[in-house]
Amino acid sequence: MQIRVRLFATLRQQAGWAQQLLDVPAGTTLDGALAAIDSAYPSLAIGRRTFYAAVNQEYAQGEQLLREGDEVALFPPVSGGGAVAE
Amino acid sequence: MKLFEITAQPLSLDEVARRVVRPDCGAVATFAGVVRGTTATQEGVRGTDFLNYEAYTEMAEALLARIAAEIQGRWPKVVAVSIVHRVGRLEIGESSVVIAVAAPHRGDGCFEACQYAIERLKAIVPIWKEENWADGQVWVEGPRQPELVSHLGVPGAL
(Lines give C-alpha, C1' and ligand atoms only; values in the text may rest on other atoms or scores of the structure.)
Protein backbone atom coordinates (compact mmCIF):
# COMPACT_ATOMS: atom_id res chain seq x y z
CA MET A 1 0.00 0.00 0.00
CA GLN A 2 1.01 3.58 -0.45
CA ILE A 3 1.38 6.26 2.23
CA ARG A 4 2.26 9.93 1.95
CA VAL A 5 5.25 11.09 4.02
CA ARG A 6 5.52 14.79 4.86
CA LEU A 7 8.47 16.54 6.51
CA PHE A 8 8.65 19.95 8.13
CA ALA A 9 11.25 22.47 9.32
CA THR A 10 14.69 20.96 9.95
CA LEU A 11 13.67 17.51 8.71
CA ARG A 12 12.36 18.98 5.45
CA GLN A 13 15.50 21.05 4.95
CA GLN A 14 17.80 18.17 5.71
CA ALA A 15 16.01 15.80 3.35
CA GLY A 16 15.59 18.35 0.59
CA TRP A 17 11.96 17.34 0.03
CA ALA A 18 8.63 18.13 1.68
CA GLN A 19 6.59 15.09 0.67
CA GLN A 20 7.04 11.71 -0.96
CA LEU A 21 4.87 8.69 -1.59
CA LEU A 22 6.22 5.52 -0.01
CA ASP A 23 5.25 1.89 -0.64
CA VAL A 24 4.95 -0.20 2.52
CA PRO A 25 3.43 -3.65 3.07
CA ALA A 26 -0.23 -3.80 4.14
CA GLY A 27 -0.48 -3.99 7.91
CA THR A 28 2.53 -1.73 8.50
CA THR A 29 2.54 0.15 11.78
CA LEU A 30 3.87 3.67 12.26
CA ASP A 31 7.05 2.12 13.69
CA GLY A 32 7.34 -0.02 10.57
CA ALA A 33 6.91 3.03 8.35
CA LEU A 34 9.54 4.91 10.34
CA ALA A 35 11.96 2.04 9.83
CA ALA A 36 11.17 2.08 6.09
CA ILE A 37 11.73 5.83 5.96
CA ASP A 38 14.99 5.40 7.86
CA SER A 39 16.32 2.88 5.36
CA ALA A 40 15.03 4.78 2.30
CA TYR A 41 16.42 8.12 3.52
CA PRO A 42 19.37 7.41 5.80
CA SER A 43 20.54 11.04 5.64
CA LEU A 44 17.51 11.98 7.76
CA ALA A 45 19.06 10.06 10.67
CA ILE A 46 15.62 9.67 12.22
CA GLY A 47 16.95 6.99 14.52
CA ARG A 48 19.24 9.51 16.16
CA ARG A 49 17.04 12.54 16.69
CA THR A 50 13.99 13.63 18.62
CA PHE A 51 10.93 14.14 16.49
CA TYR A 52 7.16 13.97 16.62
CA ALA A 53 5.06 11.88 14.27
CA ALA A 54 1.48 12.45 13.20
CA VAL A 55 -0.85 10.22 11.20
CA ASN A 56 -3.59 12.06 9.34
CA GLN A 57 -2.93 15.24 11.35
CA GLU A 58 -3.11 13.51 14.76
CA TYR A 59 -0.12 12.83 16.99
CA ALA A 60 0.50 9.08 16.84
CA GLN A 61 2.41 6.40 18.66
CA GLY A 62 4.50 3.68 17.05
CA GLU A 63 2.06 0.80 17.36
CA GLN A 64 -0.65 2.54 15.31
CA LEU A 65 -1.65 0.58 12.21
CA LEU A 66 -1.46 2.48 8.95
CA ARG A 67 -3.92 2.28 6.10
CA GLU A 68 -3.68 2.93 2.37
CA GLY A 69 -3.40 6.67 1.71
CA ASP A 70 -2.50 7.67 5.24
CA GLU A 71 -0.48 10.84 5.67
CA VAL A 72 2.51 10.38 7.99
CA ALA A 73 4.17 13.64 9.05
CA LEU A 74 7.51 13.90 10.85
CA PHE A 75 8.65 17.10 12.48
CA PRO A 76 10.84 18.51 15.24
CA PRO A 77 9.46 19.74 18.59
CA VAL A 78 7.28 22.75 17.90
CA SER A 79 8.25 26.34 18.58
CA GLY A 80 5.35 28.62 17.64
CA GLY A 81 4.41 31.74 19.54
CA GLY A 82 7.08 34.38 19.91
CA ALA A 83 6.72 36.54 22.99
CA VAL A 84 7.26 34.29 26.01
CA ALA A 85 10.63 33.41 27.47
CA GLU A 86 12.34 30.41 25.90
CA MET B 1 -14.67 34.28 9.37
CA LYS B 2 -12.29 31.68 10.72
CA LEU B 3 -11.60 31.54 14.44
CA PHE B 4 -8.52 29.34 14.06
CA GLU B 5 -6.25 30.25 11.24
CA ILE B 6 -2.71 29.96 9.90
CA THR B 7 -2.09 32.86 7.54
CA ALA B 8 0.70 34.55 5.62
CA GLN B 9 -1.02 37.94 6.05
CA PRO B 10 0.06 40.52 8.68
CA LEU B 11 -1.94 40.20 11.91
CA SER B 12 -4.02 42.90 13.56
CA LEU B 13 -4.84 42.66 17.25
CA ASP B 14 -8.03 44.60 16.71
CA GLU B 15 -9.16 42.51 13.77
CA VAL B 16 -8.74 39.24 15.71
CA ALA B 17 -10.50 40.76 18.74
CA ARG B 18 -13.48 41.58 16.52
CA ARG B 19 -13.75 37.91 15.57
CA VAL B 20 -14.84 37.05 19.15
CA VAL B 21 -17.10 40.03 19.97
CA ARG B 22 -20.57 38.73 20.88
CA PRO B 23 -23.67 40.55 22.14
CA ASP B 24 -23.50 38.72 25.50
CA CYS B 25 -19.78 39.43 26.06
CA GLY B 26 -18.52 42.48 27.91
CA ALA B 27 -14.89 41.35 28.17
CA VAL B 28 -12.33 40.56 25.47
CA ALA B 29 -8.78 39.68 26.55
CA THR B 30 -6.08 39.61 23.89
CA PHE B 31 -2.50 38.41 23.63
CA ALA B 32 0.02 39.18 20.91
CA GLY B 33 3.31 37.35 20.41
CA VAL B 34 5.70 39.80 18.76
CA VAL B 35 9.06 39.17 17.05
CA ARG B 36 11.76 40.20 19.50
CA GLY B 37 14.78 42.02 18.08
CA THR B 38 17.08 41.39 21.02
CA THR B 39 17.28 38.54 23.51
CA ALA B 40 19.24 38.66 26.77
CA THR B 41 21.25 35.45 27.15
CA GLN B 42 23.98 34.37 29.55
CA GLU B 43 26.51 35.23 26.85
CA GLY B 44 25.10 38.75 26.44
CA VAL B 45 22.48 40.31 24.21
CA ARG B 46 21.80 38.49 20.95
CA GLY B 47 20.25 40.33 18.03
CA THR B 48 17.71 38.83 15.62
CA ASP B 49 17.32 40.06 12.03
CA PHE B 50 14.02 38.36 11.23
CA LEU B 51 12.11 35.12 11.79
CA ASN B 52 10.74 32.66 9.31
CA TYR B 53 7.71 30.67 10.48
CA GLU B 54 6.53 27.40 8.97
CA ALA B 55 3.39 25.46 9.91
CA TYR B 56 1.74 22.14 9.19
CA THR B 57 -1.38 24.13 8.40
CA GLU B 58 -4.10 21.47 8.40
CA MET B 59 -2.95 19.95 11.68
CA ALA B 60 -2.19 23.32 13.29
CA GLU B 61 -5.66 24.72 12.62
CA ALA B 62 -7.26 21.55 14.01
CA LEU B 63 -5.16 21.77 17.17
CA LEU B 64 -5.96 25.48 17.65
CA ALA B 65 -9.64 24.51 17.64
CA ARG B 66 -8.88 21.76 20.16
CA ILE B 67 -7.14 24.26 22.47
CA ALA B 68 -10.26 26.42 22.34
CA ALA B 69 -12.37 23.39 23.29
CA GLU B 70 -10.03 22.74 26.23
CA ILE B 71 -10.48 26.36 27.30
CA GLN B 72 -14.24 26.06 27.21
CA GLY B 73 -13.95 22.95 29.39
CA ARG B 74 -11.79 24.74 31.96
CA TRP B 75 -13.51 28.14 31.87
CA PRO B 76 -17.11 27.30 30.92
CA LYS B 77 -18.17 30.95 30.93
CA VAL B 78 -15.79 31.75 28.07
CA VAL B 79 -17.97 32.30 25.01
CA ALA B 80 -15.54 32.60 22.09
CA VAL B 81 -11.86 32.05 21.34
CA SER B 82 -9.86 32.99 18.25
CA ILE B 83 -6.21 32.06 17.65
CA VAL B 84 -4.44 33.24 14.50
CA HIS B 85 -0.78 32.48 13.73
CA ARG B 86 1.23 33.99 10.93
CA VAL B 87 3.73 32.11 8.74
CA GLY B 88 6.48 33.25 6.38
CA ARG B 89 9.05 35.97 6.97
CA LEU B 90 8.34 38.27 9.94
CA GLU B 91 10.28 41.39 10.81
CA ILE B 92 11.11 42.69 14.29
CA GLY B 93 8.02 44.05 16.02
CA GLU B 94 5.50 42.21 13.85
CA SER B 95 2.96 39.92 15.52
CA SER B 96 3.48 36.21 14.98
CA VAL B 97 0.38 35.16 16.93
CA VAL B 98 -2.76 36.88 18.17
CA ILE B 99 -5.21 35.34 20.63
CA ALA B 100 -8.57 36.80 21.65
CA VAL B 101 -10.93 35.40 24.28
CA ALA B 102 -14.41 36.78 24.97
CA ALA B 103 -16.54 36.25 28.07
CA PRO B 104 -19.57 37.96 29.61
CA HIS B 105 -17.47 39.51 32.40
CA ARG B 106 -13.75 40.06 33.03
CA GLY B 107 -13.82 37.61 35.95
CA ASP B 108 -15.04 34.75 33.76
CA GLY B 109 -11.61 33.43 32.86
CA CYS B 110 -10.66 35.38 29.73
CA PHE B 111 -7.22 36.48 31.06
CA GLU B 112 -6.32 32.98 32.25
CA ALA B 113 -7.61 31.45 29.02
CA CYS B 114 -5.35 33.72 26.95
CA GLN B 115 -2.29 32.52 28.83
CA TYR B 116 -3.42 28.90 28.63
CA ALA B 117 -3.84 29.25 24.86
CA ILE B 118 -0.30 30.53 24.22
CA GLU B 119 1.30 27.93 26.51
CA ARG B 120 -0.58 25.08 24.83
CA LEU B 121 0.13 26.49 21.39
CA LYS B 122 3.85 26.49 22.06
CA ALA B 123 3.71 22.94 23.39
CA ILE B 124 1.59 21.10 20.82
CA VAL B 125 0.77 23.10 17.68
CA PRO B 126 3.04 22.18 14.72
CA ILE B 127 4.57 25.57 13.96
CA TRP B 128 8.33 26.19 13.79
CA LYS B 129 10.44 29.27 13.64
CA GLU B 130 13.78 29.75 11.97
CA GLU B 131 15.74 32.54 13.59
CA ASN B 132 17.97 34.58 11.30
CA TRP B 133 20.68 36.93 12.42
CA ALA B 134 23.61 38.70 10.80
CA ASP B 135 25.82 35.63 10.42
CA GLY B 136 23.58 32.61 10.48
CA GLN B 137 20.25 30.95 11.02
CA VAL B 138 18.86 28.17 13.15
CA TRP B 139 15.55 26.41 13.58
CA VAL B 140 14.38 26.97 17.15
CA GLU B 141 13.15 23.78 18.80
CA GLY B 142 10.76 24.03 21.70
CA PRO B 143 11.06 21.93 24.83
CA ARG B 144 10.29 18.27 24.20
CA GLN B 145 6.89 16.99 25.25
CA PRO B 146 7.79 13.39 26.10
CA GLU B 147 4.29 12.06 25.43
CA LEU B 148 4.49 13.33 21.84
CA VAL B 149 7.94 12.04 20.94
CA SER B 150 8.32 9.27 18.40
CA HIS B 151 11.63 7.56 18.03
CA LEU B 152 13.13 4.33 16.83
CA GLY B 153 14.19 3.06 20.19
CA VAL B 154 17.57 4.73 20.27
CA PRO B 155 18.61 5.36 23.88
CA GLY B 156 18.88 9.03 24.61
CA ALA B 157 16.54 10.05 21.82
CA LEU B 158 14.26 11.57 24.43
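Parameters at a glance
Residues numbered from 1 in each chain as written. Chains lettered and ligands numbered in written order. Predicted model: local features only at pLDDT ≥ 70, side-chain atom pairs only at ≥ 80, totals over all residues. Heavy atoms only, no water. Helix = DSSP H or I, 4+ residues; strand = E, 2+ residues; numbered from the N terminus. Buried < 20%, exposed > 50% of the residue type's maximum accessible area, 1.4 Å probe, protein only. Contact = heavy atoms within 4.5 Å. Areas by Shrake-Rupley, 256 points an atom, 1.4 Å probe, with all protein chains shown as cover. Pairing = 2+ DSSP bridges. Axes fitted to C-alpha atoms, helices over the stretch in contact; angles between N-to-C directions. Disulfide = S-S within 2.5 Å. Salt bridge = Lys/Arg side-chain N within 4 Å of Asp/Glu carboxyl O.

Chemist: Can you help me understand the overall build of chain B in this one?
Modeler: From N to C terminus, chain B includes three helices and eleven strands. For chain B, the sequential pattern of α-helices and β-strands runs β-α-β-β-β-β-α-β-β-β-α-β-β-β. Among the 158 residues that make up chain B, the fraction classed as buried is 49%. Within chain B, counting contacts between residues at least 6 apart in sequence, those at least 24 apart form 73% of the total. Here chain B displays about 7,600 Å² of accessible surface, and carbon together with sulfur accounts for 53% of that area.

Chemist: I'm lost on the sheet that holds strand S6 (residues 80-86) of chain B in this one. Help?
Modeler: The strands making up a sheet are joined through hydrogen bonds of the backbone, oriented either antiparallel or parallel. All names here are of chain B. With mixed pairing, four strands are arranged side by side in an open sheet as S1-S6-S8-S2. The open sheet has two edge strands with one neighbour each: strand S1 (4-7) and strand S2 (27-34). Taken over all neighbouring pairs, the strand axes of this sheet differ in orientation by 10° on average, direction set aside. Here helix H3 (residues 110-124) sits on the sheet in contact with S2, S6 and strand S8 (95-103), set at roughly 145° to S8.

Chemist: When you look at the sheet that holds strand S10 (residues 136-140) of chain B in this model, what are you seeing that I'm missing?
Modeler: Residue and element names in this part refer to chain B. Taken together, the four strands give an open sheet; going across it, the order is S7-S5-S9-S10, and neighbouring strands pair in antiparallel fashion. Only two strands of the sheet have a single partner each, and these edge strands are strand S7 (88-91) and S10. Here the strands of the sheet are splayed against their neighbours by 25° on average, with no regard to which way each runs. Sheet analysis places strand S9 (residues 127-133) next to S10, joined by five bridges and oriented antiparallel.

Chemist: It is not clear to me how the side chain of B:Ser95 should be interpreted in this structure. Could you clarify?
Modeler: Relative to the elements of secondary structure, B:Ser95 occurs in strand S8. Contacts of B:Ser95, omitting those with residues within four sequence positions, involve B:Leu11, B:Ala32, B:Gly33, B:Val34, B:Arg86 and B:Leu90.

Chemist: Can you help me understand the state of the cysteines in this one?
Modeler: What makes a disulfide is a covalent bond joining the sulfur atoms belonging to two cysteines. All names here are of chain B. If you walk through the whole model with that rule in mind, you get zero disulfides over all chains. No disulfide involves Cys25; its sulfur sits 8.9 Å from the nearest other cysteine sulfur, which is in Cys110. Given the relative accessible area of 16%, Cys25 is considered buried. Free of any disulfide, Cys114 has its nearest cysteine sulfur in Cys110, 7.3 Å distant.

Chemist: Just to check I follow, could you spell out the pattern of salt bridges for this structure?
Modeler: For side chains of opposite charge, pairing can occur when their charged atoms come near one another. Counting across every chain of the model gives twelve salt bridges over all chains. Two residues, A:Arg12 and B:Glu54, come together in a salt bridge whose shortest N-O distance is 2.4 Å. Taken as a pair, A:Arg12 in helix H1 (residues 9-15) and B:Glu54 in strand S5 (residues 50-55) lie in two separate chains rather than in one. Taking relative accessible area as the criterion, A:Arg12 reaches 25% and is therefore assigned partly exposed. Classification of B:Glu54 as buried rests on a relative accessible area of 12%. Put simply, B:Lys2 and B:Glu61 hold a salt bridge, and the shortest N to O gap is 3.1 Å. In this pair, B:Lys2 sits in the segment before S1 while B:Glu61 sits in helix H2 (residues 57-74), placing the two residues 59 residues apart along the sequence. One salt-bridge network, in which partners are shared between bridges, spans A:Arg6, A:Glu71 and B:Glu58.

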